[in-house]
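Examination of the molecular architecture
Here's the letter readout for the chains.
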Amino acid sequence: MASAKIPDNESSKATLIASINGRPLYMDAQATTPLDPRVLDAMLPYLTSFYGNPHSRTHAYGWESEKAVEDARKEVADLIGADPKEIIFTSGATECNNIAVKGVARFYGENKKHVITTQTEHKCVLDSCRVLENEGFTVTYLPVNSNGLISMENLEKAIRKDTALVSIMSVNNEIGVIQPIEEIGKLCRSKKVFFHTDAAQAVGKIPLDVNKMNIDLMSISGHKLYGPKGVGALYVRRRPRVRLEPIQSGGGQERGLRSGTVPTPLIVGLGAACKLALSEMEYDHAWMKKLSERLLSKITSNLEDVVRNGDPVHSYPGCINLSFAYVEGESLLVALKDVALSSGSACTSASLEPSYVLRAIGADEDLAHSSIRFGFGRFTTMEEVDYTAERCIKHVKRLRDMSPLWEMVQEGIDLKSIKWSQH
Amino acid sequence: MAGRPSKMSVLKLYKTMLREASRFPAYNFRMYCLRRTRDGFRMNKALSDPSAITKVYNEGQSFLEVIKRQAVIYSLFKTKNLVIENDKFLCQHLPLGCRLV
C-alpha cells in the first residue's frame, strides 16, 4: 500500500494523485511471462552453491550439476511425452527454430530441396526459410484462412516428393489460434515428411504429446512458461531418427547438435517450469478461460464494431487479439499507458507497420492498424482484467468521439465508397 | 513415513499458508498464492485415501516454504505499487466518486 497519508486540502490531494502513478498492469504474456517464484526457488541453489560445470566428470561439483541437468531433461520430456534422450537444451525458441529448419533442410538437402511453412509463422522461422531460399531451396509459404488456421487440403497439395520438412507453429503468438497439429502430424507421417512445430506459445498451456501427434521436432521456450529467459529446448525424434546438421560447432555437447556448456541454473529453471506446467495446466487453463470470457463480455457489451482476430474456438484463451474499428491501435496503446499491452509481436513492436499475421488472415488495412493483443498469464487477476476492460472501453469511446471517420459512419456513410482525392 | 496428517494440522497448514501468502510483497504473486491455496484445499477436500492426503499435505508444506523464502527475496527488491493497488487505496480514502484518471 502507498505509505503516504492522504492530505486534507483539495489541491494537495490533486498533487498526490498526480504523483502516484504506479507500475502498469502486465497484459503481455505472449511477449514473456514472469518467473514463477517456485521456479526461482529451484534455480537459486545453482546460482549460489552448486556452480560446477555439468560436463566435468572428475569431481563432485560436476556430478551434482550433471544430475540437476539430467533431472531437468526428464521434466521437460515428461511434459511433452518424449524420452529424455530426445531433448536438446538451447538458448531459446529462436535457436531451436534455426537448428530445426536449417539443420534438417541442409542435412537432407542433396535429395530434398523443398520446405513448407505458413505465412503466420514467427519471424525466426520465416527468416530461416529465406536463408534456405538463398541456398537454393524452394519454400512454400502456405496461406491461412480468415480464421488463422491452415487448410489441410492446401497442405496436402503442397507436399511434394522432394519435401524435406513441414514447419507449422502450434499456437500463434499474435492471434492465439491453435493449428490442427495432430492432423498435420498424421499427414506428414503418411507422406514421410519431417514435421517441426514451433510450440513456444503452446508448451505448458495446452496438452501436447509428440508421439500421439507425430511431431518430429518441437521448439520450446523457457520464458513463455514462467521459466527463465535465455533457455529453451528442442525435441528431436530418435525413432524414426531425425538427422540434422548442427549450426554451432564445438565440444559436442547435447548429442553434438548444440555445442557449448549448458547453463545449469537456467536449465534447472526450465525443468522446474515444465514440471509445474504439467501439474498446473488444467487449473491455469480454466483460469485463462474465466479471464478471457470476462474481458470479452465486458468489451463487447459496451463497445460496438469490435472484431476478434483469429478463430474463437480453436484458440488459446490466454491470447485475445481485438481490432477496434475507427481507432488507431497505437493511439489506444498510448492512452492505455497504465496497462502493458502490445499490438502484436514484441519483435516488431517498434515499427508502426501493421502485423503481417493480421494481413495474412485477410484483415483490412484499417482493422490491422487498430488491433490490440491482450495476453493473460497464471498471475493475472480478475481485478486487473476488469481494470483493463474499463480503461479500454473508456478510451475507445473517447478516441471515437474525436474521429471524423467514426462521425461519418454514425451518419451512415460507407467509408469504402469514398474516393479520397489525395493519394 | 509418518501417519496421515490430522485434521488439526491440515487446518493449521491452511491458515499458515493464507497468512504467509497475504504477506507476499508482489501483488500478482500474492493474489495467485491466495487463490491457489484456497482452490487447492477446496479441490482436495473430499480426499479420503491417507497416502493421498499425506502427499498433498507435503506438497502444501513445500509450497509454504517456497512462499516464505521468496517473500524474503521479493522484499529485498521492492518496486513501486501497481496502478491497481494505488487506485484501490485512493478509492478507500478519497470521497465517493473520485477516481484516478
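Rules of the game
Residues numbered from 1 in each chain as written. Chains lettered and ligands numbered in written order. Predicted model: local features only at pLDDT ≥ 70, side-chain atom pairs only at ≥ 80, totals over all residues. Heavy atoms only, no water. Helix = DSSP H or I, 4+ residues; strand = E, 2+ residues; numbered from the N terminus. Buried < 20%, exposed > 50% of the residue type's maximum accessible area, 1.4 Å probe, protein only. Contact = heavy atoms within 4.5 Å. Areas by Shrake-Rupley, 256 points an atom, 1.4 Å probe, with all protein chains shown as cover. Lys, Arg positive; Asp, Glu negative; His and termini not counted. Charge placed at Lys NZ, Arg CZ, Asp CG, Glu CD. Pairing = 2+ DSSP bridges. Axes fitted to C-alpha atoms, helices over the stretch in contact; angles between N-to-C directions. Phe/Tyr/Trp six-rings, centres within 6.5 Å; stacked < 30°, edge-to-face > 60°. Polar contact = N/O pair within 3.5 Å; in protein donor to acceptor, adjacent residues only side chain to side chain. Parallel < 35°, antiparallel > 145°, perpendicular 65-115°, else oblique. Left-handed = near helix turned anticlockwise from the far one by under 90°. Nonpolar A, V, L, I, M, F, W, Y, C, P; charged D, E, K, R; others polar. pLDDT = per-residue confidence, 0-100. 1 Å grid on protein atoms, 1.4 Å probe; cavity = no way out; pocket = protein on both sides within 12 Å on 5 of 7 lines; lining within 4 Å. Points joined across faces, edges and corners; volume = space filled by probe spheres on them.

**Thoughts on the overall build of chain A**
Regarding its fold elements, chain A presents 13 helices and 12 strands. Taking the principal axes of the C-alpha coordinates as reference, chain A spans close to 70 × 60 × 35 Å. Sorting the 423 residues of chain A into buried and exposed places 57% on the buried side. In chain A, the proportion of contacts linking residues at least 24 apart, taken out of those at least 6 apart, comes to 73%. As presented, chain A carries roughly 18,600 Å² of accessible surface, and 53% of it is formed by carbon and sulfur atoms. With 50 positive and 52 negative side-chain charges, chain A shows a spacing of 5 Å between the two charge centroids.

**Topic: the overall build of chain B**
Counting its secondary structure elements, chain B contains four helices and zero strands. Counted from the first residue to the last, chain B has its helices and strands arranged as α-α-α-α. Of all 101 residues assigned to chain B, the portion counted as buried reaches 40%. In chain B, once contacts between residues fewer than 6 apart in sequence are set aside, the share between residues at least 24 apart is 70%. Element-wise, carbon and sulfur atoms account for 60% of the exposed surface of chain B, whose accessible area totals about 6,400 Å².

**Here's the deal with the sheet that holds strand β8 (residues 232-236) of chain A**
Residue and element names in this part refer to chain A. Sheet architecture is open: seven strands sit in the order β2-β8-β7-β6-β5-β3-β4, paired in mixed fashion. The open sheet has two free edges, formed respectively by β2 (87-90) and β4 (138-142), since each of these has just one partner strand. Averaged over all adjacent pairs, the angle separating strand axes in this sheet is 20°, with direction ignored. Sheet contacts for helix α4 (residues 93-107): β2, β3 (114-118), β5 (163-167), β6 (194-198), β7 (217-221) and β8; angle to β7, the most-contacted strand, approximately 165°. Helix α7 (residues 181-190) contacts β5 and β6 of the sheet and is inclined by roughly 155° relative to β6.

**So, the packing of aromatic side chains**
Residue and element names in this part refer to chain B. Applying the stated criterion across every chain, the model contains 12 aromatic pairs over all chains. Relative to tyrosine 74, the ring of phenylalanine 24 lies with its centre 5.2 Å away and its plane at 50°, an arrangement referred to as tilted. Of this pair, phenylalanine 24 sits in the loop between α1 (7-22) and α2 (27-43) while tyrosine 74 sits in helix α3 (residues 50-76), placing them 50 residues apart in sequence. Judged by relative accessible area, phenylalanine 24 falls into the buried class, the value being 1%. Assessed through its relative accessible area of 22%, tyrosine 74 is described here as partly exposed.

**Overview of the side chain of asparagine 214 of chain A**
All names here are of chain A. Topologically, asparagine 214 is positioned in the loop between β6 and β7. A residue is classified by how much of its surface remains accessible, and asparagine 214, at 16% relative accessible area, is buried. Among the polar contacts listed, one links the side chain of asparagine 214 to the side chain of arginine 189, at a separation of 3.4 Å. If we skip the residues at most four places from it in the chain, asparagine 214 touches Gly185, Lys186, Arg189, Phe195 and Arg237.

**Focus: the packing of helix α8 (residues 264-302) of chain A against helix α12 (residues 382-402) of chain A**
Residue and element names in this part refer to chain A. At a minimum axis separation of 10 Å, α8 and α12 run at an interaxial angle of 25°. Relative to α12, the element α8 lies roughly parallel. The crossing of α8 and α12 is right-handed. In this structure, α8 contributes Trp287, Lys290, Leu291, Arg294, Leu295, Lys298, Ile299 and Asn302 to the contact, and α12 contributes Met382, Val385, Asp386, Ala389, Cys392, Ile393 and Lys397. Per-class residue counts for the contact of α8 with α12 are nine nonpolar, one polar and five charged.

**Regarding the sheet that holds strand β10 (residues 319-324) of chain A**
Residues and elements named next belong to chain A. Pairing in this open sheet of three strands is antiparallel, and the strands run β9-β10-β12 from one edge to the other. Strands at the two margins of the open sheet, each flanked by one partner only, are β9 (306-309) and β12 (371-375). When the angles between neighbouring strand axes are averaged without regard to direction, this sheet yields 30°. Judged from the four bridges that link them, β9 and β10 form a sheet pairing that is antiparallel. What sits directly across from valine 307, in β10, is serine 323. Against the sheet, α8 makes contact with β9, β10 and β12, and its axis sits at roughly 10° relative to β10, the strand it touches most.

**As for the confidence of the model for chain B**
Residue and element names in this part refer to chain B. Counting all residues, the mean pLDDT for chain B is 89, and 85% of those residues have values of 70 or more. Taken as a whole, residues 97-101 scores under 50 in pLDDT and shows 12 contacts with residues more than four places along the chain or in a different chain. Taken over the whole predicted complex, pTM reads 0.91, whereas the ipTM for its chain interfaces reads 0.90.

**Re the environment of serine 221 of chain A**
Residue and element names in this part refer to chain A. Relative to the elements of secondary structure, serine 221 occurs in strand β7. For the pair serine 221 and arginine 308, spaced 87 residues apart in sequence, the C-alpha to C-alpha distance is 27 Å. The contacts of serine 221, once residues within four sequence positions are left out, are Ala93, Ala200, Val231 and Gly232.

**Section: the environment of serine 421 of chain A**
All names here are of chain A. Locating serine 421 in the fold gives a position in the segment after α13 (404-410). Of the residues examined, serine 421 reaches a relative accessible area of 74% and is grouped as exposed. Linking serine 421 and valine 210, residues 211 residues apart in sequence, is a C-alpha distance of 56 Å.

**Let's talk about empty space enclosed by the protein**
Residue and element names in this part refer to chain A. The final tally for this structure, using the stated rule, is three cavities of 30 Å³ or more. Within this model, the largest cavity holds a volume of roughly 60 Å³. If you trace the largest cavity, you find it lined by Gly204, Lys205, Tyr226, Met281, Asp284, His285, Met288 and Tyr316. Partitioning the lining of the largest cavity into residue classes produces four nonpolar, two polar and two charged.

**Quick word on the layout of surface pockets**
What the largest pocket holds in volume is close to 1,500 Å³. Going through the elements one at a time, α2 (37-47), α3 (60-80) and α8 of chain A together with α1, α2 and α3 of chain B are the ones with two or more residues in the lining of the largest pocket. Looking at which element gives the most residues to the lining of the largest pocket, the answer is α3 of chain B, with 11 residues. The computed volume of the second largest pocket comes to approximately 910 Å³. In this structure, the second largest pocket is lined by 34 residues; those nearest its centre are Arg23 of chain A together with Ala26, Asn28, Phe29 and Tyr74 of chain B.

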